[in-house]
There are 2 protein chains.
Amino acid sequence: MNEERKPTVFEIEEGNKLLPRFDLHEFLPCITLDADTGEVLMLGYMNREALEKTIKTGLATYYSRSRKKIWVKGEESGFFQHVKDIFIDDDQDTILLKVKVDGGGASCHVGYRSCFYRKLKKGSNEELEFTETHKVFDPKIVYKHA
Amino acid sequence: MNEERKPTVFEIEEGNKLLPRFDLHEFLPCITLDADTGEVLMLGYMNREALEKTIKTGLATYYSRSRKKIWVKGEESGFFQHVKDIFIDDDQDTILLKVKVDGGGASCHVGYRSCFYRKLKKGSNEELEFTETHKVFDPKIVYKHA
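Cut-off values and rules
- Residues numbered from 1 in each chain as written.
- Chains lettered and ligands numbered in written order.
- Predicted model: local features only at pLDDT ≥ 70, side-chain atom pairs only at ≥ 80, totals over all residues.
- Heavy atoms only, no water.
- Helix = DSSP H or I, 4+ residues; strand = E, 2+ residues; numbered from the N terminus.
- Buried < 20%, exposed > 50% of the residue type's maximum accessible area, 1.4 Å probe, protein only.
- Contact = heavy atoms within 4.5 Å.
- Areas by Shrake-Rupley, 256 points an atom, 1.4 Å probe, with all protein chains shown as cover.
- Lys, Arg positive; Asp, Glu negative; His and termini not counted.
- Charge placed at Lys NZ, Arg CZ, Asp CG, Glu CD.
- Buried area = accessible area lost by both parts, 1.4 Å probe.
- Salt bridge = Lys/Arg side-chain N within 4 Å of Asp/Glu carboxyl O.
- Polar contact = N/O pair within 3.5 Å; in protein donor to acceptor, adjacent residues only side chain to side chain.
- Core = buried A, V, L, I, M, F, W, Y, C linked by side-chain atoms within 4.5 Å.
- Least-squares fit on C-alpha atoms with pLDDT ≥ 70 in both.
- Pairing = 2+ DSSP bridges.
- UniProt positions renumbered as here; feature names shortened; annotations may be inferred.
- pLDDT = per-residue confidence, 0-100.
- Phe/Tyr/Trp six-rings, centres within 6.5 Å; stacked < 30°, edge-to-face > 60°.
- Lys NZ or Arg CZ within 6 Å of the ring centre and 35° of its normal.

Caption draft 1: Summary view of the overall build of chain A. Looking only at helices and strands, one finds three helices and eight strands in chain A. In terms of overall dimensions, chain A has a C-alpha envelope of 55 × 40 × 30 Å along the principal axes. Here chain A, with 146 residues, has 50% of them falling under the buried criterion. A fraction of 42% describes how many contacts in chain A between residues 6 or more apart in sequence connect residues 24 or more apart. Of the roughly 7,800 Å² of accessible surface on chain A, a fraction of 51% belongs to carbon and sulfur atoms. Charge-centre separation for chain A: the mean point of 23 positive side chains lies 5 Å from the mean point of 25 negative side chains.

Pasting the structure below:
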């Protein structure tokens, strides 16, 4: 086997070469931001194929752990995410995308702009309050199978 | 066993109760943002104890998968993260914290503000460029064991 040498910590953290380190299940978490507002839209997962497709096509492509398949975000809803920048973190085990979202700008399958539409109420350890007041789309209409 | 009823998808996605869904390894990913700038500082992991401590103490507390222990961010560097808001995503398997960071505002052990200090160069599929031009602190000084 002509296996590649394992990169050093310095190469991973201080180098200028993409050396993605996938986890035990061959996934990387991916934080996706709205390129215009900086808002965090969602957290998805990528395997190597999803990352390579994202780089090659410019469309955010994830791996669905529940459906166990590669998934181009927007392929069903039409709300594609056009990749503007691809960041990687210090130890190269997390991706961050800056994207422009088609349509109403929504990235959450529940119908909100962001998946993070609820926060813990001050002083409570379990009560959530909604921070988005209305849905951008109706998932029953957008997703035919819903 | 007096086990709790499994929550419904509606309760998880549309409810106002925190029902965190930890993964097979009992972890949740946690995206941490600078509360002032909105900048993504890091991605960490929490187990139930880390999440409960974060809520109770107001200091961002993670689980280190490499060191296999609970870890109050800043306990060594002094750069504690004071939690302003705790968001959870639609399917309640990702946390998002908004924090104020002590000291120089750095959250990356390499010395940068954000762990996401490199991005893929346009047109390349492996060359990274640095987006932060200087380190906020010297890790050799801040981390005594470095």
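Caption draft 2: Expanded view of the interface of chain B and chain A. With 48 residues of chain B at the interface, the matching set in chain A holds 48 residues. Both sides of the chain B and chain A interface together cover about 4,100 Å² of buried area, and 55% of this is carbon and sulfur. The interface formed by chain B and chain A holds eight salt bridges in total. On inspection of chain B and its partner chain A, the count reaches 35 residue pairs in polar contact (both at pLDDT 80 or more).

Caption draft 3: Looking closely at the nonpolar core. Residues A:Ile31, A:Leu97, B:Ile31 and B:Leu97 are the most contacted members of the largest nonpolar core, which totals 83 residues. Each residue touching A:Leu97, except ones within four places of it in the same chain, is listed here: A:Cys30, A:Ile31, A:Thr32, A:Leu33, A:Met46, A:Thr54, A:Ala60, A:Tyr62, A:Val83, A:Asp85 and A:Ile86.

Caption draft 4: Structural detail: the relation of the copies chain B and chain A. When chain B is brought onto chain A, the operation consists of a screw motion whose angular component is 180 degrees and whose axial shift is 0.0 Å, with 0.0 Å RMSD remaining. The relationship between the two copies is best expressed as a two-fold rotation axis. Taking C-alpha positions as the reference, the residue of chain B nearest the rotation axis is B:Gly38, at 3.6 Å. Interface overlap between copies is the fraction of interface residues in one copy that are interface residues in the other; for chain B against chain A it reaches 100%, indicating a shared surface.

Caption draft 5: Fine view of the pairing of strand β1 (residues 28-34) of chain A. Residue and element names in this part refer to chain A. Extensive coverage of β1 is indicated by the burial of seven of its seven residues. Here β1 shows no split at all, with Leu 28, Cys 30, Thr 32 and Asp 34 on one side and Pro 29, Ile 31 and Leu 33 on the other all buried. With five bridges connecting them, β1 and strand β6 (residues 95-101) associate as parallel partners. Looking across to β6, one finds that Leu 33 is bridged to Lys 98.

Caption draft 6: Main features of the UniProt feature "domain: Phosphoribosyl-AMP cyclohydrolase" (unreviewed entry) in chain A. In the numbering used here, UniProt assigns the "domain: Phosphoribosyl-AMP cyclohydrolase" (unreviewed entry) feature to residues 42-117 of chain A. As a span, residues 42-117 of chain A carries 13% helix and 37% strand, and end to end its C-alpha atoms are 10 Å apart.

Caption draft 7: Up close: the confidence of the model for chain A. Averaged over every residue, the pLDDT of chain A is 92; residues scoring 70 or more account for 96%. Predicted complex metrics record ipTM = 0.92 and pTM = 0.93.

Caption draft 8: Representation of the packing of aromatic side chains. The full count for this structure, using the stated rule, is 12 aromatic pairs over all chains. Geometrically, the ring pair formed by B:Tyr112 and B:Phe130 is tilted, given 6.4 Å between the ring centres and 50 degrees between the ring planes. Here B:Tyr112 is found in the loop between β6 (95-101) and β7 (118-120), whereas its partner B:Phe130 is found in strand β8 (residues 128-130), with 18 residues between them in sequence. For the cation-ring pair, A:Arg65 lies above A:Tyr45, with the distance from its terminal atom to the ring centre recorded as 3.8 Å.

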